[in-house]
Amino acid sequence: MQQQALDKDLISNPRLWRLAMRINEHKVHIVLFCSVEDNSLIYREISLDSTTQSLQKALEEVIYDNPLLLNDFDKVDCIIESNKFTIIPSEINNGDTQEKIFRTSFPNFDGTIIDNNIADLNATILMGVDKEIVNFLRRTFNNPRILHHLTSLCTYFHRKNRLGNAGKMYANIHDNHIDLLSFNKDSLQLANTFEFREPIDAVYYILACRQMLKLDPASDELFIAGDNSMRETIAPTLREYLAYVMPVIFPAAMFKAGKDALNAPFDLIILPLCE
């Protein structure tokens, strides 16, 4: 069934609302919620027709077909899912130096390099995004934050990692991709995304990364967020090798914003909790 378009009259005072979007090659996920009203959250998942046109043109069609998105919101966040990224220490904050480091990994990239500083971790994610997409987002929205899809996960899980003494790994599953993150006290050990075809592939990436990081299968914990059916599929296999495998508890503050939050991508829904 086709979803109803997001019309301008759907909300009365957009200055009290936040807009957050998550964009990849195939979909745009949209979350809107009011900062002073419970159960206000609106969620949409819309396919992008980028087979016959550029991703920027496909995204533009979605935005203009849903005029509510063109309102003057209190805050606009845009998450970009990108495999063109690298993580560096925050002390390296000179733009020219950042570009040289990024181009070491992606020498043929000719788009825009976006830096996401994660102050809690003394780390910066450098992300490459198509120039046309960056220009469209900045032209269309009022001072939008453009974020890599691992940025909110790094911030959110690092803060959770401070509780308890056991080592922890976090996995977030979405659309046949798994984000894996691990921390050592106040530093980031691992933040990467792997594509998989079968559930056993996701299990392999988890166990291989844990072995690389020398995490103890008997005492170091694994928490899994994201796709519920995939979590339930891989958890029994993981428990054959790991003593502690648990789902990530969904944040109560965002469930209070509206039950549709449960359907949105985890890295998108936790954005307000990472400030």
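Structure first, text after, so check above.
Residues numbered from 1 in each chain as written. Predicted model: local features only at pLDDT ≥ 70, side-chain atom pairs only at ≥ 80, totals over all residues. Heavy atoms only, no water.

Asks: I'm lost on the pairing of strand E10 (residues 177–184) in this one. Help?
Replies: Consecutive side chains along a regular strand alternate between the two faces of the sheet. The buried fraction of E10 amounts to seven of the eight residues, a majority that puts the element mostly inside the structure. Two strands pair when backbone bridges link them, and strand E9 (residues 168–174) and E10 are joined in this way by six bridges, in the antiparallel orientation. Within E10, the position partnered with Ile173 by the bridge is Ile178. Remark: two residues form the turn of the hairpin made by E9 and E10, two consecutive strands paired antiparallel; Asp175 in that turn has positive phi of roughly 45 degrees. Bridging between E10 and strand E11 (residues 187–195) involves eight bridges; their strand directions are antiparallel. From the neighbouring strand, Ile178 faces E11, where its bridge partner is Phe194. (Buried < 20%, exposed > 50% of the residue type's maximum accessible area, 1.4 Å probe, protein only. Helix = DSSP H or I, 4+ residues; strand = E, 2+ residues; numbered from the N terminus. Pairing = 2+ DSSP bridges.)

Asks: Mind showing me how you'd approach the sheet that holds strand E6 (residues 112–118) here?
Replies: Sheets are built from strands paired through backbone hydrogen bonds, the pairs being either parallel or antiparallel. Across the sheet, which stays open at both edges, the three strands sit in the order E5-E7-E6 with antiparallel pairing between neighbours. Each edge of the sheet is formed by a strand with only one pairing partner; in this case those strands are strand E5 (85–89) and E6. Geometrically, the sheet is characterised by an average inter-axis angle of 25 degrees between neighbouring strands, direction not taken into account. As paired elements, E6 and strand E7 (residues 123–129) share seven bridges and run antiparallel to each other. (Axes fitted to C-alpha atoms, helices over the stretch in contact; angles between N-to-C directions.)

Asks: Where do I start with the pattern of salt bridges in this structure?
Replies: Note on pairing: side chains with opposite charge can pair once their charged atoms come close. Tallying each qualifying case throughout the model produces 14 salt bridges. For Glu45, the salt bridge identified is with Lys27, shortest N-O distance 2.9 Å. You can see Glu45 sitting in strand E3 (residues 42–47) and its partner Lys27 sitting in strand E2 (residues 27–34), a full 18 residues away along the chain. Close ionic contact of Lys168 with Glu221 constitutes a salt bridge, the shortest N to O distance being 4.0 Å. Of the two residues, Lys168 is situated in strand E9 and Glu221 in strand E12 (residues 221–226); the sequence distance between them amounts to 53 residues. Residues Lys168 and Glu221 agree in their burial class; the two are buried. One salt-bridge network, held together by shared partners, links Arg18, Lys75, Asp77, Arg145 and Glu275. (Salt bridge = Lys/Arg side-chain N within 4 Å of Asp/Glu carboxyl O.)

Asks: Would you mind showing me how to read the environment of Asn192 here?
Replies: Note that Asn192 resides in strand E11. Assessed through its relative accessible area of 28%, Asn192 is described here as partly exposed. Residues Asn192 and Asn24, spaced 168 residues apart in sequence, show a C-alpha to C-alpha distance of 16 Å.

Asks: Is there a simple way to think about the packing of helix H5 (residues 199–212) against helix H6 (residues 228–239) in this case?
Replies: Two packed helices can be described by the angle between their axes and the distance between those axes. Two elements in contact, H5 and H6, have axes whose closest approach is 10 Å; the angle formed by their N-to-C orientations is 55 degrees. As judged from the angle between their axes, H5 and H6 are oblique. The handedness of the crossing between H5 and H6 is right-handed. Every residue of H6 that contacts H5 at Pro199, Ile200, Val203, Ile206 and Leu207 is listed here: Met230, Thr233, Ile234, Thr237 and Leu238. The class makeup of the residues in the contact of H5 with H6 is eight nonpolar, two polar and no charged. (Parallel < 35°, antiparallel > 145°, perpendicular 65-115°, else oblique. Left-handed = near helix turned anticlockwise from the far one by under 90°. Contact = heavy atoms within 4.5 Å. Nonpolar A, V, L, I, M, F, W, Y, C, P; charged D, E, K, R; others polar.)

Asks: Please explain the environment of Leu150 as it appears in this structure.
Replies: Structurally, the position occupied by Leu150 is in the loop between strand E8 (145–148) and helix H4 (151–161). Separated by 65 residues in sequence, Leu150 and Phe85 place their C-alpha atoms 9.8 Å apart. Discounting residues that sit within four places of it in the chain, Leu150 has contacts with Phe85, Ile125, Asp179, Ala191, Asn192 and Thr193.

Asks: Hey, could you run me through the sheet that holds strand E4 (residues 75–80) in this one?
Replies: The five strands are arranged E3-E2-E1-E4-E8 in an open sheet whose pairing can be described as mixed. Edge positions in the sheet fall to E3 and E8, since each of these pairs with one other strand and no more. Strand-to-strand, the axes of this sheet are offset by a mean angle of 15 degrees, without reference to chain direction.

Asks: Any chance you could explain the state of the cysteines here in plain terms?
Replies: Each disulfide consists of a covalent bond between the sulfur atoms of two cysteine residues. Under the criterion given, the structure shown has zero disulfides. Summary of cysteine pairing: Cys154 is not part of a disulfide, and the nearest cysteine sulfur, belonging to Cys274, is at 9.8 Å. (Disulfide = S-S within 2.5 Å.)

Asks: Would you mind going over the nonpolar core with me for this structure?
Replies: Here is a general trend for soluble globular proteins: nonpolar side chains tend to be buried in one another's company. Membership of the largest hydrophobic core comes to 34 residues, with the highest contact counts inside it found for Val31, Leu41, Phe157, Phe266 and Ile269. Among the secondary structure elements, those contributing two or more residues to this core are E2, E7, H4, E10, E12, helix H7 (252–257) and helix H8 (266–269). Ranked by the residues each element gives to this core, the list is headed by H4, at four residues. (Core = buried A, V, L, I, M, F, W, Y, C linked by side-chain atoms within 4.5 Å.)

Asks: So what exactly am I meant to see when it comes to unusual backbone geometry here?
Replies: Glycine aside, the phi torsion of most residues is negative, and most peptide linkages are trans. One non-glycine residue, Asn39, lies in positive phi territory at about 55 degrees. Examined against the element boundaries, Asn39 turns out to sit in the loop between E2 and E3. Overall, Asn39 belongs to the exposed group, its relative accessible area being 61%. Residues other than glycine seldom take positive phi values, yet Asn176 does so here, at roughly 60 degrees. Mapped onto the elements, Asn176 comes out in the loop between E9 and E10. Among the residues examined, Asn176 registers a relative accessible area of 38% and is labelled partly exposed.

Purely geometric stuff here, so don't read any function into it on its own.
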